[in-house]
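Take a look at the letters that make up each chain.
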Amino acid sequence: MKEQSRWNKVSLVILKLGGSSITKKADNKFEIDYDTLNRSAQEIKSVLEKDTELQLIVVCGVGPFGHTNVTKYDLNHGIETEEQEKGVGITNADCDFVGSETVKALEKVGLKVKLISGYEVCEQKSKKVLSFDIEPYKKALDEKIIPITTGIMVPDEDFKWSPMSGDTVIAQTAKQLSPTKVVMGTDVDGIFTADPKHNPNAKLIEKITNENLGEVLEQCGESASVDVTGGMKGKLEKLAATLNGVPAEIFSLFVEKNLENTLLGKEIKSTKIKL
Ligand code: ADP
């Protein structure tokens, strides 16, 4: 198809900087983890110097800057009151803050980047994507500029405004631009048989494909409650829908050089997914 041939000269990778790694999500603080963000920027710069064919789209999770505000101002079920309207403004200023701090971090190492706020490109209807304008991403990539988008509140035909997650940006860009892979940096080494922060027996699942999916889910059942298996199944189903067949790798951004190495195609501790 035309769209695919447009990008086959370069390798396009979608990079998610998870909210759990670039914000103080675990402490529920409205703070950026500048150590992780700045180190990630350095690693991206280093990779782009080595691999001049590589192009990136950066998607940022926003951690508490999104979730805490959405809960505080009750923004998940439609906007009706003035207080909620105010909440949308505050939330979007906070999410744009995460985006602009990411822009600054990447510019500081000499990269050309552009913040594309989700509300400029995405419209939803009852929290589901109605339209997602890919043109600003194509334009940026054509100009060798790295587009950056965060999770944020976007216009909603039924709800006035509704939350759009970073994963929606991954789903839309993956569907519309056929990237070679999606790499997702988070605060743990990948997907485990149970939440590794709460279960010391949780084991890292190194590879998930359609062939071993059943086995993986069974493994989760052995080491944890039925509830977790359900949760895991849900997590994987959501991820499969997000990735739309594009291979993905989930890894810890807290481990130095992980980002650089995975972008260079080197083996790191992670979960690789091809569903
Ligand atoms: P991010 O904000 O980086 O996108 P999330 O907070 O959505 O990441 O997901 C990462 C978190 O998911 C980890 O901090 C971990 O505690 C939790 N988690 C729950 N279940 C699992 C599991 N089975 N495997 C890995 N992480 C899990």
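Up top is the structure.
Residues numbered from 1 in each chain as written. Predicted model: local features only at pLDDT ≥ 70, side-chain atom pairs only at ≥ 80, totals over all residues. Heavy atoms only, no water.

A. Expanded view of the layout of surface pockets. Here the second largest pocket is characterised by a volume of approximately 290 Å³. Lining the second largest pocket are 15 residues, with L48, L54, L111, K144 and I146 sitting closest to its centre. Secondary structure elements with two or more residues in the lining of the second largest pocket: α3 (34-50) and β2 (54-60). Among the residues forming the lining of the second largest pocket, the class breakdown is 7 nonpolar, 3 polar and 5 charged. (1 Å grid on protein atoms, 1.4 Å probe; cavity = no way out; pocket = protein on both sides within 12 Å on 5 of 7 lines; lining within 4 Å. Points joined across faces, edges and corners; volume = space filled by probe spheres on them. Helix = DSSP H or I, 4+ residues; strand = E, 2+ residues; numbered from the N terminus. Nonpolar A, V, L, I, M, F, W, Y, C, P; charged D, E, K, R; others polar.)

B. Structural view of the nonpolar core. Among the nonpolar cores identified, the biggest contains 66 residues, and Y137 and I273 are the most heavily contacted of them. It is β2 that provides the largest number of residues to this core, a total of 6 residues. Residue contacts for Y137: discarding those within four places in its chain leaves I57, I116, V121, F132, P147, T149, V169, T173 and L177. Counting 6 residues, the second-largest nonpolar core is a separate cluster that includes V70, L75, I79 and V88. (Core = buried A, V, L, I, M, F, W, Y, C linked by side-chain atoms within 4.5 Å. Buried < 20%, exposed > 50% of the residue type's maximum accessible area, 1.4 Å probe, protein only. Contact = heavy atoms within 4.5 Å.)

C. Geometry of the pairing of strand β4 (residues 122-125). Residues of β4 alternate between two faces, with C122 and Q124 buried on one and E123 and K125 left unburied on the opposite face. Where β4 lies against strand β5 (residues 128-132), 4 bridges are found, and the strand directions are antiparallel. Bridging across to β5, K125 finds its partner in K128. Counting the residues in the hairpin turn of β4 and β5 gives 2 residues, including S126, whose phi is positive at 50 degrees. (Pairing = 2+ DSSP bridges.)

D. Inspection of the packing of aromatic side chains at higher detail. This structure, assessed with the given rule, holds 3 aromatic pairs. Measuring from centroid to centroid gives 5.8 Å for F132 and Y137, while their planes differ by 25 degrees, and the two rings are stacked. (Phe/Tyr/Trp six-rings, centres within 6.5 Å; stacked < 30°, edge-to-face > 60°.)

E. Spotlight on the site of the ligand. Taken together, 17 residues lie near the ligand, and K16, S20, K25, D187 and D195 sit nearest. Within the contact set of the ligand, a nitrogen atom lies 2.9 Å away from a backbone nitrogen or oxygen of F192. Protein chains bury 78% of the 570 Å² of accessible surface belonging to the ligand in isolation. Contributing elements (two or more residues each) for the shell around the ligand: α2 (19-22) and α10 (226-243). (Near = heavy atom within 4 Å. Polar contact = N/O pair within 3.5 Å; in protein donor to acceptor, adjacent residues only side chain to side chain. Areas by Shrake-Rupley, 256 points an atom, 1.4 Å probe, with all protein chains shown as cover.)

F. Just the packing of helix α7 (residues 135-142) against helix α8 (residues 166-177), in detail. Between α7 and α8, the shortest axis-to-axis distance is 11 Å and the interhelical angle comes to 70 degrees. Relative to α8, the element α7 lies roughly perpendicular. Classified by chirality, the crossing of α8 by α7 is right-handed. Judged by residue contacts, Y137, K138 and L141 of α7 engage V169, T173 and L177 from α8. (Axes fitted to C-alpha atoms, helices over the stretch in contact; angles between N-to-C directions. Parallel < 35°, antiparallel > 145°, perpendicular 65-115°, else oblique. Left-handed = near helix turned anticlockwise from the far one by under 90°.)

G. Representation of the pattern of salt bridges. Using the criterion set out here, one finds 16 salt bridges in the structure. Its salt-bridge partner being E49, residue K45 comes within 3.5 Å of it at the nearest N-O pair. Placement of both K45 and E49 in helix α3 is noted, with a separation of 4 residues, approximately one turn of the helix. A salt bridge links K138 to E135; the nearest nitrogen and oxygen atoms lie 3.6 Å apart. Taken together, the residues span about one helical turn, with K138 and E135 both in helix α7 at a distance of 3 residues. By relative accessible area, K138 is classed as buried at 7%. Ionic contacts of the salt-bridge type, sharing partners, join the residues K50, K257 and E260 into one network. (Salt bridge = Lys/Arg side-chain N within 4 Å of Asp/Glu carboxyl O.)

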